[in-house]
Amino acid sequence: MTEKKKELLVAAIENGTVIDHIPPEQLFKIALMLGLEKTSSTITIGNNFISGEMGRKGVIKIADKFFEEDELDRIALIAPNVILNIIRDYEVVEKRTVTLPDEVVGLVKCNNPKCVTNNEPMPTRFEVIDKEKGTLKCHYCERKINKESIIIKVK
Amino acid sequence: MNSKSLVSIDQLSEKDILRILDNAAKFEQNPNRPLLNGKVAATLFFEPSTRTRLSFETAVNRLGGRVVGFQDASTTSSSKGETLKDTILMVSNYVDLIIMRHYLEGAARYASEVTDVPVINAGDGANQHPSQTMLDLYSIRKTQGRLNDLTITMVGDLKYGRTVHSLIVGMSHFNPTFNFVAPDELKMPDEQKNFCDLHHIPYNECTEFSEDIINQTDILYMTRVQRERFTDLEEYERVKNVYILRNKMLRGSRENLRVLHPLPRVNEIAYDVDDSPKAYYIQQARNGLFARQAIICDVLGIEI
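Residues numbered from 1 in each chain as written. Chains lettered and ligands numbered in written order. Predicted model: local features only at pLDDT ≥ 70, side-chain atom pairs only at ≥ 80, totals over all residues.

Q: Just give me the short version of the sheet that holds strand β4 (residues 119-124) of chain B, but keep the residues and values in it.
A: Residue and element names in this part refer to chain B. With parallel pairing, 4 strands are arranged side by side in an open sheet as β2-β1-β3-β4. Each edge of the sheet is formed by a strand with only one pairing partner; in this case those strands are β2 (66-70) and β4. When the angles between neighbouring strand axes are averaged without regard to direction, this sheet yields 15°. Pairing of strand β1 (residues 40-45) with strand β3 (residues 97-102) involves 5 bridges; the strand directions are parallel. Its bridge partner being in β3, T43 is matched across the sheet by I99. (Pairing = 2+ DSSP bridges. Helix = DSSP H or I, 4+ residues; strand = E, 2+ residues; numbered from the N terminus. Axes fitted to C-alpha atoms, helices over the stretch in contact; angles between N-to-C directions.)

Q: Describe helix α1 (residues 14-29) of chain B, and please don't skip the residues or the numbers.
A: Owing to its 3.6 residues per turn, the α-helix aligns residues three or four sequence positions apart on the same side. Residues and elements named next belong to chain B. Over its 16 residues, α1 runs 23 Å from end to end, which matches the ideal 22 Å to within 8%, given 1.5 Å per residue. Within α1 the residues assigned to the buried category are I17, I20, L21, N23, A24 and F27. The arc that holds every buried residue of α1, seen down its axis, measures 165°, which confines them to one face. α1 presents E14, K15 and Q29 as exposed residues on the side facing more than 90 degrees away from its buried surface. (Expected span 1.5 Å × (residues − 1). Buried ≥ 20, exposed ≤ 12 C-beta atoms within 10 Å, placed from the backbone. Arc of directions from axis to C-beta.)

Q: Now, about the domain arrangement of chain B: what can you tell me, with residues and values included?
A: All names here are of chain B. Split by domain assignment, chain B resolves into domain 1 (31-128) and domain 2 (131-285). Spacing between the C-alpha centres of domain 1 and domain 2 amounts to 29 Å. Across the side of domain 1 that touches domain 2, the residue classes break down as 3 nonpolar, 1 polar and 1 charged. (Domains from an automatic or database assignment. Nonpolar A, V, L, I, M, F, W, Y, C, P; charged D, E, K, R; others polar.)

Q: Which residues make up the sheet that holds strand β2 (residues 43-51) of chain A, and what values go with them?
A: All names here are of chain A. Spatially, 5 strands are ordered β2-β3-β1-β4-β5 in an open sheet, and the strand pairing comes out antiparallel. Both edges of this open sheet fall to β2 and β5 (91-97), since each of them pairs with a single strand only. Along the sheet, successive strands turn relative to each other by an average axial angle of 20°, direction set aside. Sheet topology note: the strand β1 (residues 16-22)/strand β3 (residues 55-63) ladder contains 5 bridges and is antiparallel. Bridge pairing links T17 to I62 in β3.

Q: Can you explain the domain arrangement of chain A? Please cite residues and give values.
A: Residues and elements named next belong to chain A. Partitioning chain A into domains gives domain 1 (2-97) and domain 2 (103-152). On a C-alpha basis, the centroid separation for the pair domain 1 and domain 2 is 26 Å. If you look at the interface, domain 1 gives 6 residues, while domain 2 gives 5 residues. When grouped by side-chain class, the residues that make up the side of domain 1 that touches domain 2 number 4 nonpolar, no polar and 2 charged. (Contact = placed C-beta atoms within 7 Å.)

Here it is in structure tokens:
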């Protein structure tokens, strides 16, 4: 009985993308990153579910939407251990982790007020210089930022 | 970035650096050559800098080219809100080369991406100033007869000093040893020290500007300690006279030692040093002309 109730918390989707094992504090940042406030697809968001591995986790399911690899890989900036499930006909046809790209364009804000990207209408561009620590370097002003200081630009 | 622009010292390989220095030496032999006949360069100085601007403009003029430009963004459409991109695109219609100084970091790199016209970065905020580094390297090679295996002592504001950070990168190809002499508030940042570690460059750090260190030095690179950089003004008062070079401090120094300074100097080099044969900071500024001529020809693909 309790098993059935648990399952009902997050309904299965027929086709689409599921992002699982999201650290609860990053869930809304990830939704922002993926631009979910703009999509018309059906979205199911759940947070703070009990997880064997993580203690608590978040899940996002987006029906009828498939993302480009690099769109999803950017999640690795703030949540490197999420699991992606691609669903077709209620089946998981692909399951993968995210890999940090070498470069991140247009997502992260430079925290240097004197950077040209904060003073001109232009996209930001960061090189990932340390994949382990998640350190980024601004392609323009050359300043480095740590994973903890990453600010996602609201599009 | 279009492949010909010079935005940052770290884009130059050892081979690039030596090629530019060799060409600068040719220009020192004769700086008046009609290599830029029919060419127009723009000096876009969104932030004032008389010395750098005059140096670049003279470089173009002595090579037979013409210069257009501005020295102050407030007289341009930037004050009306025109974007940097539009300004660069507009100027690109008229000229063969853009030499740019801007108060925003990354401005030169952005400009080089927006246009096909080669861009030379004449200083972007606190970030890069590659032509200064090239003239510093030229001065070092000229006075020492080589670039390899030298001991370079940097004194003063090592925290905010754009020129010292750049010089470390430029010299990293040539097996240097560094001494960093600065007050605690202005000591060399971790980023630069990590760079040295990564490139196996030995360095020593201390707060005392002693004759001992000077006597082990080939190049003494002085920079200004500015009051505005100190959060603790008592600390400033304590150190403001410590990092001053006086002529008598050179008495035990090596014959080949030369004193460099990116200028302008205030009081960090006493005037009694000017008459010493080891004072090189004025000639250093003159080398800026030759180094910049070499850089200009390099970005335009002109062979000397």
